[in-house]
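Coordinate inspection notes
Spelled out from the first residue to the last, the chains are:
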Amino acid sequence: MLSLPNARLAGAVAGRAAAPPSAPTAASSTAPDIQLRAAVASLLDRGLRLAAGDLLVVVFTADLKEAAVRLTATARRSGALVRLVALPPGEAPAPGRRVRSALRELAAEPETGSGAGRRLVLLLGGAPVDLAALGLPPQLIAAQLPADEDRPGGPLPGWEDPDARAERLAVLCAATSAAGRLRVLTGDGRALQLARRDDRPAVVDPGPPVAGELLTLPAGAVRIEVDEAEGLFVAEGTLQVNRPVRLGGPLRGRPVRLELTGGRVTRLDCPDPHTEGFLRRAVEVHGVDRLRQAWCRPLAAGRPEVGLCLTADEARRGPAGSADLRIVLAARADWTAVPPVPARPARRTRTGEATSEAERN
């Protein structure tokens, strides 16, 4: 079997050097600042594609204050209008009310005028969130660089050099397309086997920010269309629903176990009764039991993030309004390519008769 690469990327966000207790030298104090400036510039330019006239709200946790201040200064120099929202310790990321208030303040600025560009919110740090649960306007563009103990430190923890990441995604995509099947291994050691639909090749989803969807940074994932799925998937990462429900977000303490047969969910359970009840209703009433897509998003360290996208089957029509219901469950998992089984040559009997049907005919 071929395990897909997930090596740590080098580049603009190499780990920050610890300053000595005495007065720092010029080199030791300048290097982290240069790294931070490079990371911030690439995040705004290539992560968010920030442009002059855009309205940006930066929500940050206390440990990322320096990065948030640098982001603000850089964004303003590019012509964007920016507001900072600091999260007190222990508060859930990006309370929708505070983000909406900051956007209203930006829209009222004299500099905004009638030529305001896009409205964006960037969440720095905190646990992964579900955009629908924040109660933000659907036309808002949102992105998050979530905190993760497995991600390396540095001036902007978790951010990766975009060029190096693009190269790694290309390698991952090629290995996935060449695989006969894919083996996804999550929490309890049982695997989920995936087969691509009609042998369609995997594609790299660059993940540009679009309105109504939360872009998790660093962006970019390898995506496949799924034909068959057999086995178990334990989602301990996040739950995302394209509806304004409050159950979305981190699954810490409430992992969801899915058993799939023939590409459909045949069994699920969750220790949280509200989450399990919601998912059961989605599967049993609305018919959202079909695994259509799966994706793998490599991270700078540790196992990649793997997501399953469940949608309604056209053959099972649920209540009105459920046709476009989409549920995404994600977890840190191994994503392993299983090479195709080579065709065996036909064996012959002692009389020389071919044993394969092709040769008999």
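Residues numbered from 1 in each chain as written. Predicted model: local features only at pLDDT ≥ 70, side-chain atom pairs only at ≥ 80, totals over all residues. Heavy atoms only, no water.

Compared with an ideal rise of 1.5 Å per residue, which puts 13 residues at 18 Å, helix 2 (residues 65–77) spans 19 Å between its outermost C-alpha atoms and is within 8% of the ideal. All buried positions along helix 2 are accounted for by Ala 67, Ala 68, Leu 71, Thr 72, Thr 74 and Ala 75. Positive phi appears at Gly 79, one or two residues downstream of helix 2, with a value of about 100 degrees. (Helix = DSSP H or I, 4+ residues; strand = E, 2+ residues; numbered from the N terminus. Expected span 1.5 Å × (residues − 1). Buried < 20%, exposed > 50% of the residue type's maximum accessible area, 1.4 Å probe, protein only.)

With that settled, consider the pairing of strand 3 (residues 81–86). Regular strands place side chains that alternate from one sheet face to the opposite one. One ladder, built from six bridges, connects strand 2 (residues 55–60) with strand 3; its direction is parallel. Bridge pairing links Val 57 to Arg 83 in strand 3. In this region the chain leaves strand 2, passes through helix 2 and returns to the parallel neighbour strand 3; the handedness of that crossover is right-handed. (Pairing = 2+ DSSP bridges. Right-handed = clockwise from strand over helix to strand, strands pointing away.)

Before going further, it helps to examine the pattern of salt bridges. Inspection of the entire model under this criterion finds 17 salt bridges. The shortest N-O distance in the salt bridge between Glu 160 and Arg 168 comes to 3.3 Å. In this pair, the class of Glu 160 matches that of Arg 168, namely buried. In this structure, the salt-bridge partner of Asp 324 is Arg 243, at a minimum N-O distance of 2.7 Å. Placement of the pair is Asp 324 in the loop between strand 16 (305–311) and strand 17 (326–332) and Arg 243 in the loop between strand 11 (238–241) and strand 12 (249–250), with a sequence separation of 81 residues. Owing to a relative accessible area of 23%, Arg 243 belongs among the partly exposed residues under this scheme. Salt bridges here are not isolated pairs; linked through shared partners, they connect Arg 83, Glu 105 and Glu 109. (Salt bridge = Lys/Arg side-chain N within 4 Å of Asp/Glu carboxyl O.)

Right, let's talk about the confidence of the model for the protein for a bit. Taken residue by residue, the protein gives an average pLDDT of 80. The fraction at 70 or more is 77%. pLDDT under 50 marks residues 1–29. Its contacts with residues more than four places away, or in other chains, come to 59 contacts. Of the regions scoring below 50 in pLDDT, residues 356–361 engages in seven contacts with residues more than four places distant in sequence or in other chains. (pLDDT = per-residue confidence, 0-100. Contact = heavy atoms within 4.5 Å.)

Across the sheet, which stays open at both edges, the five strands sit in the order 3-2-4-5-9 with parallel pairing between neighbours. Every interior strand has two partners, whereas the edge strands, strand 3 and strand 9 (214–216), have only one. Across the sheet, the mean angle from the axis of one strand to that of its neighbour is 20 degrees, orientation sign disregarded. Here helix 2 sits on the sheet in contact with strand 2, strand 3 and strand 4 (119–124), set at roughly 170 degrees to strand 3. Strand contacts of helix 3 (residues 96–107): strand 2, strand 3 and strand 4, with the helix running at about 145 degrees to strand 2, the strand carrying the most contacts. (Axes fitted to C-alpha atoms, helices over the stretch in contact; angles between N-to-C directions.)

If you look at the biggest cluster of nonpolar residues, it comprises 43 residues, and the most contacted ones within it are Leu 194, Leu 329 and Trp 335. For this core, the element with the most residues is strand 10 (residues 221–235), which contributes six residues. Within the second largest apolar cluster, 28 residues are counted, among which are Leu 48, Leu 50, Ala 67 and Leu 124. (Core = buried A, V, L, I, M, F, W, Y, C linked by side-chain atoms within 4.5 Å.)

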